[in-house]
Amino acid sequence: MELLQLTINGVALGAAYALVALGFVLILNATGAVNFAQGDLVAAGGFLAVALAGLAPVPGILLLPLVAVLMAGVGLAVSAIAYWPLRDRPPVSVFISTIALGIIIQNGLNGLFGAEPRSAPPLFSGGYVEFFGLVVPHQSLAIMSIAALLVGGVHVLLTRTQLGRMLRATAQDREIAAALGVPVGAMVALTFSLAAALAGVAGLLLANQFFITPTHGTDFIVKAYIAVVIGGWGRVGGALAGAMLVALFETVVAAWADYAVATGLLYATMLAILVLRPQGLFGEAGGRRA
Amino acid sequence: MTVRNRVRAWLGRDINPLLLAGAIGLAAWPFLAGDAYSLRLLTMAGIYALAAIGYQFIFGHAGALSLAQGAFFGFGAYVAGIMSVRMGAGFEVTFPAAMAGSAVLAALVALPALRLRSHYFALATLGFGQVVLLIAVNWENVTGGANGIPNVPVLSLFGGTVGRGWPMLMLVWSLVAIGALVARRLTGGLTGAALILMREQPMAAEAAGIDIRRIRFAAFLLSALYGGAAGALHVHTVRVVSPEVLEFPVMVMLLAIAVIGGRTSVAGAVVGAVLLIHLPEWFRPLERYYLMAYGAVLLAMIVAAPWGLMGSLRHARRRWLPEPDPPLPAAGPTQAGPSPARLEIMGLTRHFGGVRAVDGIDLVVEPGESVGIVGANGSGKTTVLNMIAGTDRPDSGHIGWAGTEIVGLPPYRINRAGIARSFQTLKLVDEMTVLDNVAAAAWREFGRTDRDSARAAAMGLLQQLDVAQTAWRPCGALPPGLRRRVEIARALIGGPALLLLDEPAAGLTAAERDSLARTLAALNADGTTVVVVEHDLAFLERFVARIVCFDQGRIIADGAPAAVRADPGVIAAWLGQPPGEGDDHG
């Protein structure tokens, strides 16, 4: 029973991580570059929710679309500042430029909000439901449903719409896509804003149950990366499964051993996967990494 | 020999007067400032400079974005701090222990991580750093946990103490000087050129006999040695062991120093460290936003000046104060290569998905032969070449060279066995001179520092290929025809017994084709076996005695040029048009 309870908590956490990892994978596919600021965008989304809630004390669900839209704008800025000028350089340049951008975001948040942990309002209410002895907070249910909606929405966008086809064409081969008339620059910018919106929403969702501090960003990016290593690059489903696994390590394994041991085991798992199955547990869409 | 010449010979390059002036200025600084706080800041700058010089080995020279340098630095600090607090060990023990400890750690990480590419490597090393931090925080009995261990004693060396202020400053900067000289020696001369080739054109470097994995491994170990050394100095300067040294900001600091100062220049690491350590002082009016400004500087540098301050300085100097090219070096001999041998290919196949690119090829090339391989696009010519050279692996079949199986050997081993190649799409370093593009490929033959002999050998080949006049020009400035010849010169510098050329005449004018055909005929007459993939039959007929025609991964004709040209199968599958007008694209 305790295991089931922990699993439910883990799935809620994993749902939020999945949004972060999804944004990470979308950018990686579209540009071949790592957006290291993705974790700091999560923190930014969380603090944005905190600030908005301070202005108008409404439930999180009303803040959510606003946070998503504002963060999408931030994503555009990220692509314009840290990606576009470096688009023809080796991908490692973008890695470094987004590290720099992450420092700017992190310390900007620290200057504005201070280093204290803050909490955003719950999506609906702070209550919980009980069935068969399991305690499930409303927030956990809300996180799972919102994340499922968003991941499903992104999946439909990518597979069923013309825009999605253009996005995927850009991810597959930028030069060919451009030759076929796909506005590649706009597609990359759109990918960045989508990824930032997903990160922002994840920040809002996480900032209620788990609090948020400006330095949390590094944690999030490392977790997104581990999720993607485990799940396999370039696959939405892989990133999702990886995110769930990371979250289950943090809840179930951490309860069974302790947090440090669980984290150590998680890294060991990641390294083992890198060595033994570099394409990830669920395979890789394209490209080589070793 | 004057002192200057001696230093020059040891370093393998000249001393820059500007750098000398900078070093003297830096040395004068503490005398002018003088207060305890400035001394401490400069000591810190030296410590970070040492760690950054080390970081340049892997990040700058090997071109791999490692995010583990902070972990090596912190690990060194923990090793030295714990040993000196708990065992009372002196610096003469803790310093080598910290270096060795970090190097052992690096060897362990290298095992899974070093073969990963670009950002996968970066994130794997980041993850490793997080594990080290996690252990430091949680292994309380040994590390003191989150609080660390206070009261690390003042540095003691062979029983005497090295106090704060001036003594520590002198010790740190002496070690920086030693570290800088060693780094310049290790990366100077011909090695510098080889490192650029390996970074910019890894496939070409492997094809020139350079073992990239080994060099990357060495660079990673060196970076850890320097990181550990700097960490040991750090712990005696801050006098406390704390998890802070393992946290991400330390890594970011080292990365920023290398990016802002310059990725491959020792002076850049020193300049970057001095600047970045003092940045908080200068940004003090920004109060708690100063770290934002630090991020902004890093971002601005990576966008506007990716090669850092030293790189920009070098570019500016080349632009505004161009120096006349030195006289062309005299031509010298290439080193004798392996003796001629027989190439035997049996039952070679290679499938890409459902496509049978190579579908059972048997081919024997006798020593001293010259063979042309022709066929339609996609008939498997380049794939066979790639499999001989080791850049691709067959699904089945054998390739024998001098009686031994070479399938499965890495490209650099195949090159060392006497097989050299050129690439269909040129793989030259555009920013490097023609001369050094060729000389770099002789790195293994001529050793680390004998750049002059390697350049002389390169010069001889450039003359042979009629491109000697361009020796000092950057490759990127040459027209494609000349660049093809530079690539052939590079393939020849190891004195190969077998030369594989992939469409060497593509993009060449008629006159250039004539001259290339003459050169290849002369090479062949000197005993080099030549195998050339080409579309231009008329070009091939000028120097090959035998032509092999591929179609859909199989050999459909093999014999004298006239016979192959008249073969009905060849006409149906490939020619179908008047010979000699084959297209130039593969």
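Please read all numbers here as calculations on a predicted model, not as lab measurements.

Asker: Honestly, the overall build of chain A in this entry has me stumped. Any pointers?
Answerer: Counting its secondary structure elements, chain A contains eleven helices and two strands. Going from N to C terminus, chain A has its helices and strands arranged as α-α-α-α-β-β-α-α-α-α-α-α-α. Taken over the C-alpha trace, chain A has a radius of gyration of 18 Å; the compact-globule value for 290 residues is 19 Å, and the two agree within 12%. Projected onto its principal axes, the C-alpha positions of chain A cover 60 × 50 × 35 Å. Residue burial in chain A is summarised as follows: out of 290 residues, 55% are buried. Of the contacts made within chain A by residues no fewer than 6 positions apart, 73% connect residues no fewer than 24 positions apart. Entry remark: accessible area of chain A is about 11400 Å², with carbon and sulfur atoms responsible for 69%. Charge centroids of chain A, computed over 12 positive and 11 negative side chains, lie 14 Å from each other.

Asker: Help me understand the nonpolar core in this model?
Answerer: As a rule of thumb, soluble globular proteins bury nonpolar side chains together. All names here are of chain B. In this structure, Tyr 48, Leu 65, Phe 220 and Leu 233 are the most contacted members of the largest nonpolar core, which totals 272 residues. Of the residues forming this core, the biggest block, 16 residues, is contributed by helix 3 (residues 36–61). Not counting chain neighbours up to four residues away, the residues in contact with Leu 233 comprise Ile 47, Leu 50, Phe 91, Leu 155, Met 168, Leu 171, Val 172 and Leu 175. Among the nonpolar cores identified, the runner-up in size contains 27 residues, and Ile 345, Ile 361, Val 371 and Leu 500 belong to it.

Asker: Even after reading the chapter, I still don't get the packing of aromatic side chains, so can you show me in this structure?
Answerer: The description of two aromatic rings rests on the distance between their centres and on the angle between their planes. All names here are of chain B. This model, assessed by the stated rule, comprises twelve aromatic pairs over all chains. Through a chain of ring-to-ring contacts, three or more aromatic side chains come together here, namely Phe 72, Phe 121, Phe 128 and Phe 220. Geometry around Phe 423 places Lys 427 over its ring, the cationic atom sitting 5.5 Å from the centre.

Asker: Where do I start with the sheet that holds strand 11 (residues 546–551) of chain B in this structure?
Answerer: Strand pairing in a sheet takes place through backbone hydrogen bonds and is either antiparallel or parallel in direction. Residue and element names in this part refer to chain B. Overall, mixed pairing links the six strands, which are arranged 8-9-10-5-11-12 in an open sheet. Strands with a single pairing partner mark the edges of an open sheet, and in this sheet they are strand 8 (419–421) and strand 12 (554–559). Between one strand axis and the next, the sheet turns through 20 degrees on average, direction left out of account. Relative to strand 9 (residues 498–502), helix 22 (residues 510–525) is tilted by about 160 degrees, and along the sheet it contacts strand 5 (370–375), strand 9 and strand 10 (529–533).

Asker: In this structure, what is going on with the environment of Val 154 of chain B? I would like to understand it.
Answerer: Residue and element names in this part refer to chain B. Within the secondary structure, Val 154 is located in the loop between helix 7 (140–143) and strand 1 (156–157). The class of Val 154 is partly exposed, set by a relative accessible area of 29%. For the pair formed by Val 154 and Arg 239, sequence separation is 85 residues and the distance between their alpha carbons is 7.2 Å. Residues in contact with Val 154, not counting those within four places in the same chain, are Val 162, Gly 163, His 236 and Arg 239.

Asker: Quick question: what am I supposed to make of unusual backbone geometry here?
Answerer: Across the chain, the bulk of peptide bonds are trans and the bulk of non-glycine residues have phi less than zero. Residues and elements named next belong to chain B. Notably, Asp 466 is not glycine yet its phi reads approximately 65 degrees, a positive angle. By the secondary structure assignment, Asp 466 is in the loop between helix 20 (451–464) and helix 21 (480–492). One non-glycine residue, Gln 552, lies in the positive phi region at around 45 degrees. Its location among the elements puts Gln 552 in the loop between strand 11 and strand 12.

Asker: Quick question: what am I supposed to make of the interface of chain A and chain B here?
Answerer: In this complex, chain A contributes 42 residues to the contact, which on the side of chain B involves 36 residues. Between chain A and chain B lies a buried interface of about 3500 Å² when both sides are counted; carbon and sulfur atoms form 77% of it. Here chain A is connected to chain B by zero salt bridges. Here chain A and chain B share three residue pairs in polar contact (both at pLDDT 80 or more) between them. Where the side of chain A that touches chain B is concerned, the elements lending two or more residues are helix 1 (2–31), helix 4 (91–113), helix 9 (216–231) and helix 11 (259–276) of chain A. Per-element accounting of the side of chain A that touches chain B gives the leading share, 16 residues, to helix 4 of chain A. Split into classes, the residues belonging to the side of chain A that touches chain B amount to 28 nonpolar, ten polar and four charged.

Asker: Is there a simple way to explain the packing of helix 3 of chain B against helix 13 (residues 266–282) of chain B in this structure?
Answerer: The angle between the axes and the distance between the axes are what describe a pair of packed helices. Residue and element names in this part refer to chain B. In the contact formed by helix 3 and helix 13, the axes pass within 8 Å of each other and the chain directions differ by 140 degrees. The orientation of helix 3 with respect to helix 13, classified from their angle, is oblique. Remark: the crossing between helix 3 and helix 13 carries right-handed chirality. Contacts between helix 3 and helix 13 involve Tyr 37, Leu 41, Leu 42, Met 44, Ala 45, Tyr 48, Ala 49, Ala 52, Ile 53 and Gln 56 on the former and, on the latter, Val 266, Ala 269, Val 270, Ala 273, Val 274, Ile 277, His 278 and Glu 281.

Asker: Help me understand the pairing of strand 9 of chain B, please; the structure alone is not making it clear to me.
Answerer: Each regular strand displays side chains that alternate between the two surfaces of the sheet. All names here are of chain B. Burial analysis of strand 9 places five of its five residues in the buried class, the great majority of the element. Of the two faces of strand 9, the one holding Leu 498, Leu 500 and Asp 502 and the one holding Leu 499 and Leu 501 are both buried throughout. Alignment of strand 8 against strand 9, held across three bridges, turns out to be parallel. Bridge pairing in strand 9 links Ile 419 to Leu 498. With five bridges connecting them, strand 9 and strand 10 associate as parallel partners. Bridged to Asp 502 within strand 10 is Val 533. Handedness of the β-α-β unit built from strand 9, helix 22 and strand 10 comes out right-handed.

Asker: What's the story with a nonpolar patch on the surface in this structure? I'm lost.
Answerer: Residue and element names in this part refer to chain B. On the surface, Phe 31, Leu 32, Trp 166 and Met 170 cluster together into a nonpolar patch covering about 500 Å² of accessible area. Of all the secondary-structure elements, those providing two or more residues to the nonpolar patch are helix 2 (17–33) and helix 8 (166–187). Considering the arrangement of structural elements, one finds Leu 32 in helix 2.

Asker: How should I be thinking about the sheet that holds strand 6 (residues 396–401) of chain B in this particular structure?
Answerer: Residue and element names in this part refer to chain B. If you walk across this open sheet you meet the four strands as 4-3-6-7, and the pairing is antiparallel. Each end of this open sheet is capped by a strand with a single partner; those strands are strand 4 (355–365) and strand 7 (404–405). Of the strand pairs in this sheet, strand 3 (residues 343–352) and strand 6 are connected by five bridges, and their pairing is antiparallel. Looking across to strand 6, one finds that Glu 344 is bridged to Gly 400. Sheet strands in contact with helix 16 (residues 381–389) are strand 3, strand 4 and strand 6, and its direction is about 120 degrees off that of strand 3.

What counts as what
- Residues numbered from 1 in each chain as written.
- Chains lettered and ligands numbered in written order.
- Predicted model: local features only at pLDDT ≥ 70, side-chain atom pairs only at ≥ 80, totals over all residues.
- Heavy atoms only, no water.
- Helix = DSSP H or I, 4+ residues; strand = E, 2+ residues; numbered from the N terminus.
- Rg over C-alpha atoms; globule rule 2.2 N^0.38 Å.
- Buried < 20%, exposed > 50% of the residue type's maximum accessible area, 1.4 Å probe, protein only.
- Contact = heavy atoms within 4.5 Å.
- Areas by Shrake-Rupley, 256 points an atom, 1.4 Å probe, with all protein chains shown as cover.
- Lys, Arg positive; Asp, Glu negative; His and termini not counted.
- Charge placed at Lys NZ, Arg CZ, Asp CG, Glu CD.
- Core = buried A, V, L, I, M, F, W, Y, C linked by side-chain atoms within 4.5 Å.
- Phe/Tyr/Trp six-rings, centres within 6.5 Å; stacked < 30°, edge-to-face > 60°.
- Lys NZ or Arg CZ within 6 Å of the ring centre and 35° of its normal.
- Pairing = 2+ DSSP bridges.
- Axes fitted to C-alpha atoms, helices over the stretch in contact; angles between N-to-C directions.
- Buried area = accessible area lost by both parts, 1.4 Å probe.
- Salt bridge = Lys/Arg side-chain N within 4 Å of Asp/Glu carboxyl O.
- Polar contact = N/O pair within 3.5 Å; in protein donor to acceptor, adjacent residues only side chain to side chain.
- Nonpolar A, V, L, I, M, F, W, Y, C, P; charged D, E, K, R; others polar.
- Parallel < 35°, antiparallel > 145°, perpendicular 65-115°, else oblique.
- Left-handed = near helix turned anticlockwise from the far one by under 90°.
- Right-handed = clockwise from strand over helix to strand, strands pointing away.
- Patch = residues over 30% accessible without salt bridge, like charges linked within 9 Å, V, L, I, M, F, W, Y side chains within 5 Å.

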